[in-house]
Amino acid sequence: MGILDGKRILVSGVLTDASIAFSVAKLAQEEGAKVVLTGFGRLSLVERIAQRLPEPPPVVELDVQNTEHLDTLADRVGEHIDGLDGVLHSIGFAPQTALGGNFLNTTWEDVSTAVHVSTFSFKSLAVACLPLMKEGGAVVGLDFDATKAWPVYDWMGVAKAGLESCSRYLARDLAKHGIRVNLVAAGPLRTMAARSIPGFAEFEDTWPARAPLGWDLADTLPTAKACVALMSDWFPATTGEIVHVDGGVHAMGG
């Protein structure tokens, strides 16, 4: 028996088999969960990636900026499973003009896109899934430490700071439904999302050297393990928390 035996898990944000979300979906299945994926844009690509999981799951279309998609999500997911015990929010996007050292010149239109997709969608997804979480459960989001101003991260860093605040308010308001809300702040990983950040090589060059435990930029499994653990029954009294999976960099000075 795995730690998610009998659990029903929704995983968003699977883009490739190198994504954190894919690793979470794979590990969740290995730990006994039934998984449903959401996909955005090229749904056929997500469906092909889903075939690489141990048990190919159904894929439901979700654009978190589309009100109709959100309003009908519970019904559409409910066609495949009779409820949810866990939700992974692995959704983030910022236009190129909001990244790469362009902080002072980014327009509000581009900032609003970053905040809508990367921050507000955490609340939107949780609320959309609420009708399926009648027995409580866990919502977990993917974060990148927002306590510092990182090189090239710019407005995505601001969006992640908002995500961290949003998670605390969600933890407060969803507790009455028996739902825990936590974030996993991962170190930099060579995902498609990371490659879209201009200057990402700065993280690649310095992070492994700064991490007291070391850091493998290609290994998504430690982050996936944290997400799966938080969606299990092993953290029954933990909510509003940020679990750092970054080799220890967040705790180091200099």
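This one's a predicted model, so the numbers in the text were calculated from it and none came from an experiment.

> An account of the overall build of the protein chain is requested, with residue identities and associated values reported.
Helix and strand counts for the protein chain stand at eight helices and seven strands. Scaling as 2.2 N^0.38, a compact globule of 254 residues should have a C-alpha radius of gyration of about 18 Å, and the protein chain matches this with 17 Å. C-alpha extents for the protein chain along the principal axes are approximately 45 × 40 × 40 Å. The 254 residues of the protein chain split such that 52% are buried.

> Provide a residue-level description of the side chain of Asn182, including the pertinent values.
Looking at the element boundaries, Asn182 is found in strand E6 (residues 179-186). At a separation of 3.3 Å, a polar atom in the side chain of Asn182 contacts the main-chain amide nitrogen of Gly240. Those residues in contact with Asn182, other than ones at most four positions away along the chain, are Phe122, Val139, Val140, Gly141, Leu230, Thr238, Thr239, Gly240 and Glu241.

> Account for the UniProt feature "binding site: substrate" (unreviewed entry) in the protein chain, with residues named and values stated.
Under the present numbering, the feature "binding site: substrate" (unreviewed entry) in UniProt falls on Ala94. Tracing the backbone shows Ala94 in the loop between strand E4 (86-89) and helix H4 (108-129). For Ala94, the contacting residues outside a window of four places in its chain are Leu99, Ala114 and Met156.

> I'd like to hear about the sheet that holds strand E2 (residues 34-39), residue by residue, with values.
Spatially, the seven strands line up as an open sheet ordered E3-E2-E1-E4-E5-E6-E7, and their pairing is parallel. The sheet is open, and its two borders are formed by strand E3 (59-61) and strand E7 (241-245), each paired with just one other strand. Geometrically, the sheet is characterised by an average inter-axis angle of 20 degrees between neighbouring strands, direction not taken into account. Inspection of the sheet shows strand E1 (residues 8-11) paired to E2 by four bridges, in the parallel sense. Within the sheet, the bridge partner assigned to Ile9 lies in E2 and is Val35.

> Go over the environment of Gly214 with me, naming the residues and quoting the values.
Its place among the elements puts Gly214 in the loop between helix H7 (201-210) and helix H8 (221-231). Setting aside its immediate chain neighbours within four residues, Gly214 contacts Pro208 and Gly247.

> Go over the pairing of E1 with me, naming the residues and quoting the values.
Here E1 shows two buried faces, one formed by Arg8 and Leu10 and the other by Ile9 and Val11. Taking the sense of rotation as the criterion, the β-α-β connection linking E1, helix H1 (residues 20-30) and E2 turns out right-handed.

> Can you explain the packing of H4 against helix H5 (residues 154-174)? Please cite residues and give values.
Running from amino to carboxyl end, H4 crosses H5 at an angle of 20 degrees, the nearest separation of the two axes being 9 Å. Judged by the inter-axis angle, H4 sits roughly parallel to H5. In this structure, H4 crosses over H5, and the sense of that crossing is right-handed. Contacts from Val111, Ala114, Val115, Ser118, Thr119, Phe122, Lys123 and Ala126 in H4 reach Trp155, Met156, Ala159, Gly162, Leu163, Cys166, Ser167, Leu170 and Leu174 in H5. Grouping the amino acids of the contact of H4 with H5 by side-chain chemistry returns 12 nonpolar, four polar and one charged.

> Can you tell me about the pairing of E2, naming the residues and giving the values?
Within E2, five of the six residues are buried, which leaves the element mostly enclosed by the surrounding structure. In this sheet, E3 lies alongside E2 in parallel orientation, the contact comprising three bridges. Across the sheet, Gly39 pairs through a bridge with Glu61, a residue of E3. At this point the chain moves from E2, through helix H2 (residues 43-50), to the parallel E3, and the crossover so formed is right-handed.

> Quick one: what's the story with H8, residue by residue and with numbers?
The element H8 is largely enclosed, with a buried count of eight among its 11 residues. The set of residues buried in H8 consists of Thr223, Ala224, Ala226, Cys227, Val228, Ala229, Leu230 and Met231. Those residues of H8 hidden inside the fold are in contact with E1, H1, E4, strand E5 (137-143), E6 and E7.

> Quick rundown of the side chain of Thr223? Include the residues and the values.
Secondary-structure assignment places Thr223 in helix H8. The buried category is assigned to Thr223, whose relative accessible area is 0%. Residues within four places of Thr223 in sequence aside, it is in contact with Ile20, Leu142, Val184, Ala186, Leu189, Trp215 and Val245.

Conventions and cut-offs
Going along each chain's sequence as written, the residues are numbered from 1 onward. Residue-level local features of this predicted model are given only where pLDDT is at least 70; pairs of side-chain atoms are given and counted only at 80 or more, and the full residue set underlies all totals for whole chains, interfaces and linings. To get the side-chain values, all heavy atoms of the structure are used, and hydrogens and water are removed first. Runs of H or I in DSSP of at least four residues are treated as helices and runs of E of at least two as strands, each being numbered from the N terminus. The globule rule is 2.2 Å times the number of residues to the power 0.38, and the radius of gyration it is compared with is taken over C-alpha atoms. Exposed residues in this analysis have more than 50% of their type's maximum accessible area, buried residues have under 20%, and partly exposed residues fall in between, with area computed by a 1.4 Å probe over protein chains only. Residues adjacent in sequence count toward polar contacts only when both atoms are side-chain atoms; beyond that, a polar contact is any pair of N or O atoms within 3.5 Å, and within protein one must be able to donate a hydrogen and the other to accept it. We call two residues contacting when some pair of their heavy atoms lies within 4.5 Å. UniProt positions are given in the numbering used here, feature names are shortened, and annotations may be inferred rather than shown by experiment. Pairing between strands is defined by DSSP: at least two bridges between them are needed. Axis angles are defined between N-to-C directions and span 0 to 180 degrees, where every axis is a line fitted to C-alpha atoms and, for a helix, only to the segment in contact. When the strands point away from the viewer, a crossover counts as right-handed if the path from the first strand over the helix to the second runs clockwise. Roughly parallel means an angle under 35 degrees; roughly antiparallel means over 145; roughly perpendicular covers 65 to 115; every other angle is labelled oblique. Note on convention: near helix rotated counterclockwise from far helix by under a right angle means a left-handed crossing. Clockwise means right-handed. Ten residues, namely Ala, Val, Leu, Ile, Met, Phe, Trp, Tyr, Cys and Pro, are considered nonpolar, four, namely Asp, Glu, Lys and Arg, are considered charged, and the remaining ones, Gly among them, are considered polar.

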